[in-house]
Amino acid sequence: MFQILDDMNMDDIENGTNLIELGNAFVSAEKVKNAYLGFGDEFRTFFSIADEFYESYAKRVGKDRTEGSYEQLIINRRRVEMFLRDRYNLSDIPIKEIEPQFIEDYYAYLLEERKLAGSTLLTAVTKLKQIMLIAQRKGYIHVNPFASFRFKAQTRDRGYLTEDELRRFMTVELRRYKQRQIRDIFVFQSFTGLAYADVKKLTFDDIQTSFDGELWLIAKRKKTNATFYVKLLPIAKQLIEQYRLVAKNNFVFPVPSHSDNMNRCLQRIAKLCGVNKRVTSHMGRHTMATTVCLSQGVPIETVSSMLGHKSIKTTQIYAKITKEKLNQDMENLAARLNQIEEFAGCTI
């Protein structure tokens, strides 16, 4: 305590005292210290404000907020926490200390060190902005440091497995039972488009016989609470029946508790089958959109519905026109042009 006071000059102490006297009946050494450091009744820290908001948000989950959206808040809280630790060796920061340069540094940190891009990067920055707007609305800051910040869109090529790579993934010999389980879950994702969180919570109750007498997956996405409809392809049906005999607690698959564990295993499998890509659980979802569906001529509107996207623009980010699909389309075009030429009795 005395060391802190020793480090202050008299102007600092006088300014801190004046600030306290504005709204308090008495002044104490503790209040002077807190005012100097940026702590106090009207001097709040970032996480004290953020955690109040998260606590309030958590109470609304299941009513007008989803569990997935709450988890995104907590994920982005951890990102700010890591940034403060890595860049400033801090566990928290006074809200008034967050200036435009802090936001630029945070953006660069997410982009360069955490390798975020696209919607993930935008979401992370937006969640920080959300807390700053709350702080401004409550009077903890007078000027929002985001006022001059402009988000620079960054796109990243979303990986997927080609038809050949997917076949290699499906047929590679794996000695370890756990690896075979992880491979099966990934293959199921590649033929249904389920994200990690959705395949983890998938139960046999989500598998329903629909109007056509066929088996469908009908459930809600954990992330957005949007309903998705996926008709089960033969490979997906086979995997469901295979795991029905060993299933526990009505869950279809024994999905690892953390996606990082699954991703590490997938990367080892990729190495074994000669796939030179950073294979992750989410890549199964991209593979379904691109290789299994769009490359086979499934309309993007249908793919969007199966993926549970609320906007077709999101599907367009996932979807890629593969070389095989482009080649097939051009061959079909050439065949149609030949028919026209033959019908017209002329050559171009």
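Thresholds, definitions, all that
Residues numbered from 1 in each chain as written. Predicted model: local features only at pLDDT ≥ 70, side-chain atom pairs only at ≥ 80, totals over all residues. Heavy atoms only, no water. Helix = DSSP H or I, 4+ residues; strand = E, 2+ residues; numbered from the N terminus. Buried < 20%, exposed > 50% of the residue type's maximum accessible area, 1.4 Å probe, protein only. Contact = heavy atoms within 4.5 Å. Areas by Shrake-Rupley, 256 points an atom, 1.4 Å probe, with all protein chains shown as cover. Core = buried A, V, L, I, M, F, W, Y, C linked by side-chain atoms within 4.5 Å. Salt bridge = Lys/Arg side-chain N within 4 Å of Asp/Glu carboxyl O. Phe/Tyr/Trp six-rings, centres within 6.5 Å; stacked < 30°, edge-to-face > 60°. Lys NZ or Arg CZ within 6 Å of the ring centre and 35° of its normal. Expected span 1.5 Å × (residues − 1). Bend = angle between axes of the 7 residues up to and from the residue. Arc of directions from axis to C-beta. Pairing = 2+ DSSP bridges. Axes fitted to C-alpha atoms, helices over the stretch in contact; angles between N-to-C directions.

Observations regarding the overall build of the chain
Now for step 1: Each helix and strand counted, the chain has 16 helices and 3 strands in total.
Now for step 2: Within the span of the chain, comprising 348 residues, buried residues form 39% of the whole.
Now for step 3: A separation of at least 24 residues holds for 63% of the contacts in the chain among residues at least 6 apart in sequence.
Now for step 4: Split by element, the accessible area of the chain, about 20,300 Å² in all, is 52% carbon and sulfur.

Digging into the nonpolar core
Now for step 1: Counting residues in each nonpolar core, the largest one holds 46 residues, and the members touching the most others are Leu161, Phe169, Phe188, Leu217, Phe253 and Val279.
Now for step 2: Looking at which element gives the most residues to this core, the answer is helix α9 (residues 177–192), with 6 residues.
Now for step 3: Excluding its chain neighbours within four sequence positions, the residues that come into contact with Phe169 are Leu161, Arg183, Phe186, Leu266, Ile269, Ala270, Cys273, Val275 and Val279.
Now for step 4: Core analysis: the next-biggest nonpolar cluster, separate from the first, contains 33 residues, Leu73, Val80, Phe102 and Tyr106 among them.

Overview of the pattern of salt bridges
It is possible for side chains bearing opposite charge to pair when their charged atoms get close.
Now for step 1: All told, the structure shown has 19 salt bridges when counted by the stated rule.
Now for step 2: One salt bridge connects Asp51 with Arg77, and the closest N-O pair in it is separated by 2.8 Å. Placement of Asp51 in helix α4 (residues 46–58) and of Arg77 in helix α5 (residues 67–88) is noted, with a sequence separation of 26 residues between them.
Now for step 3: For Arg87, the salt bridge identified is with Glu113, shortest N-O distance 3.0 Å. Taken together, the positions of Arg87 in helix α5 and Glu113 in helix α6 (residues 100–113) put the pair 26 residues apart, joining distant regions of the chain.
Now for step 4: Assessed through its relative accessible area of 34%, Arg87 is described here as partly exposed.
Now for step 5: Glu113 gets classed as partly exposed once you look at its relative accessible area, which sits at 44%.
Now for step 6: Several salt bridges share partner residues, and in doing so they unite Arg44, Glu52 and Lys138 into one network.

Regarding the packing of aromatic side chains
Now for step 1: Enumeration according to the criterion identifies 15 aromatic pairs in this entry.
Now for step 2: Ring centres of Phe53 and Tyr54 lie 5.9 Å apart, and the angle between their planes is 55°; on these two criteria the pair is classed as tilted. For the pair Phe53 and Tyr54, one class covers both residues: buried.
Now for step 3: Counting every residue linked through ring pairs, the aromatic cluster contains Phe83, Tyr88, Phe102, Tyr106 and Tyr109.
Now for step 4: Here the basic side chain of Lys277 rests over the ring of Tyr160, its NZ or CZ set 5.4 Å away from the ring centre.

Quick notes on helix α13 (residues 281–293)
Now for step 1: Between its first and last C-alpha, α13 extends 18 Å over 13 residues, near the 18 Å set by a 1.5 Å rise per residue.
Now for step 2: Along its length, α13 shows its largest kink, about 40°, at Thr287.
Now for step 3: Of all the 13 residues making up α13, 12 are buried; the element is thus mostly covered by neighbouring parts of the structure.
Now for step 4: Looking only at α13, the buried set comprises Ser281, Met283, Gly284, Arg285, His286, Thr287, Met288, Ala289, Thr290, Thr291, Val292 and Cys293.

Topic: helix α8 (residues 163–171)
Now for step 1: Of the residues making up α8, those classed as buried are Glu165, Leu166 and Phe169. Looking straight down α8, one finds that the buried residues subtend no more than 100° of arc, so they occupy a single side.
Now for step 2: Turning to α8, the residues buried within the fold contact α9, α12 (259–272) and α13.

Describing the sheet that holds strand β2 (residues 215–220)
Now for step 1: Across the sheet, 3 strands lie side by side as β1-β2-β3; this open sheet has antiparallel pairing. Both outer strands of the open sheet, β1 (207–209) and β3 (227–231), are each paired with one neighbouring strand and no more. This sheet shows a mean twist of 35° between the axes of neighbouring strands, independent of strand direction.
Now for step 2: Pairing analysis gives 3 bridges linking β1 to β2, with the strands arranged antiparallel.

Some thoughts on the side chain of Thr280
Now for step 1: Its place among the elements puts Thr280 in the loop between α12 and α13.
Now for step 2: Among the residues examined, Thr280 registers a relative accessible area of 15% and is labelled buried.
Now for step 3: Sequence-distant contacts of Thr280, defined by excluding residues within four places in its chain, comprise Phe186, Asn263, Leu266 and Gln267.

A short note on unusual backbone geometry
Now for step 1: Residue Asn89 is not a glycine yet carries a positive backbone phi of 55°.
Now for step 2: Along the chain, the position of Asn89 falls in the loop between α5 and α6.
Now for step 3: Judged by relative accessible area, Asn89 falls into the exposed class, the value being 67%.
Now for step 4: Look at Lys115: it is not a glycine, yet its phi comes out positive at around 60°.
Now for step 5: With respect to the secondary-structure elements, Lys115 resides in the loop between α6 and α7 (118–137).

Regarding the pairing of β2
Now for step 1: What sits between β1 and β2 in their antiparallel hairpin is a turn of 5 residues, with Gly213 showing a positive phi close to 80°.
Now for step 2: In this structure, β2 lies alongside β3, joined through 5 bridges in antiparallel fashion. Counterpart to Lys220 in the pairing with β3 is Thr227.
Now for step 3: As consecutive antiparallel partners, β2 and β3 are separated by 6 residues, and within that stretch Asn225 has a phi angle of approximately 70°, a positive value.

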